[in-house]
Amino acid sequence: MLNLYIAPKGTKAPVPSPDAVDALIQQLIEAGILGARGEDGWVPGPGVSSLFHADAMDTCLPAELTFDSLEVGASPRPRVLPDLPDVLASQARCGGCGDVLDAAEVEDALRRTRYMPLERLEVSCPGCRSALNFNGIDFGQVVSAARWWLRVEGAGTGRVSPGFIEKVGRALGLRVVVVPEVIAEVVEDWVPARRKGR
């Protein structure tokens, strides 16, 4: 089981309007992907398997083609997703020379983005001695920064349907990306063209 974030693509993407979010949730309820709203968010509906890519049907049991809950998240400033500074820092490399970055420095910089603007994130590369911003760091997995997101908790697979992603994007009027809350090697590559989440 893993957690997934569905977030607008790009650090400067606008926050969807409350009406667009309400319309999206209503569409997902009507499609049977979402059921009733519980204490921790929306529970899966009877058509939840349509959230996942068709190939997931071949490799997963029907009981795995679901999730525990879906919730809407928001932050006044862009938040790094997944919100796992220690995991991201352990994989961080310079986007220019590929040298391994100091994990403690990267973790500290990521934690500071919770109360400082993302634009102020800066770490130094020991190899090429460059000052790197958020987009200059290769985290070894899909990473994004957003002020709004859907968090799918406890999904049985990371293979989300591209059609579902297109539907979410159209409903919100934004391009969106799926960000898994695990290291990329552990998650199947569901749409290679969308791996770059920044």
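Quick caveat, the model's predicted, so the values are computed rather than measured.

> I'd love a proper account of unusual backbone geometry, names of residues and values included.
Residue Pro82 follows Leu81 across a cis peptide bond; omega there is 0°. Relative to the helices and strands, Pro82 resides in the loop between β4 (69-81) and α3 (85-91). Although it is not a glycine, Arg129 adopts a positive phi angle of roughly 60°. Tracing the chain through its elements places Arg129 in the loop between β6 (123-124) and β7 (131-132). Owing to a relative accessible area of 72%, Arg129 belongs among the exposed residues under this scheme.

> Let's hear about the environment of Ala171: which residues, and what values?
Note that Ala171 resides in helix α5 (residues 162-172). For Ala171 and Gln27, which are 144 residues apart along the polypeptide, the C-alpha to C-alpha distance reads 8.6 Å. Ignoring anything within four residues of it in the chain, the contact list for Ala171 reads Ala20, Leu24 and Gln27.

> Could you give me a rundown of empty space enclosed by the protein, with the residues and numbers involved?
Counted according to the given criterion, the structure contains two cavities of 30 Å³ or more. In this structure, the second largest cavity spans a volume of roughly 60 Å³. What lines the second largest cavity is simply Arg79, Val80, Pro82, Asp83, Leu84, Pro85, Leu88, Leu110, Thr113 and Arg114. Those elements that place two or more of their residues in the lining of the second largest cavity are β4 and α3. Of the residues that constitute the lining of the second largest cavity, the class distribution is six nonpolar, one polar and three charged.

> Please set out the confidence of the model for the protein chain residue by residue, giving values where relevant.
Looking at the protein chain as a whole, the pLDDT averages 86, with 91% of positions reaching at least 70. Residue range residues 184-198 is modelled with pLDDT below 50. Its contacts to residues more than four positions away, or to other chains, number 39 contacts.

> I'd like to hear about the nonpolar core, residue by residue, with values.
Within the largest apolar cluster, 31 residues are counted, with the highest numbers of intra-cluster contacts made by Ile6, Phe67, Leu70, Phe164 and Leu172. Going through the elements one at a time, β1 (2-8), α1 (18-30), β9 (144-155), α5 and β10 (176-180) are the ones with two or more residues in this core. The contact partners of Phe164, leaving out residues within four places of it in the chain, are Ile6, Leu28, Ile33, Ser50 and Leu51. In this structure, Val80, Cys94, Leu121 and Ile137 belong to the second largest nonpolar core, which totals 19 residues.

Thresholds applied
Residues numbered from 1 in each chain as written. Predicted model: local features only at pLDDT ≥ 70, side-chain atom pairs only at ≥ 80, totals over all residues. Heavy atoms only, no water. Helix = DSSP H or I, 4+ residues; strand = E, 2+ residues; numbered from the N terminus. Buried < 20%, exposed > 50% of the residue type's maximum accessible area, 1.4 Å probe, protein only. Contact = heavy atoms within 4.5 Å. 1 Å grid on protein atoms, 1.4 Å probe; cavity = no way out; pocket = protein on both sides within 12 Å on 5 of 7 lines; lining within 4 Å. Points joined across faces, edges and corners; volume = space filled by probe spheres on them. Nonpolar A, V, L, I, M, F, W, Y, C, P; charged D, E, K, R; others polar. pLDDT = per-residue confidence, 0-100. Core = buried A, V, L, I, M, F, W, Y, C linked by side-chain atoms within 4.5 Å.

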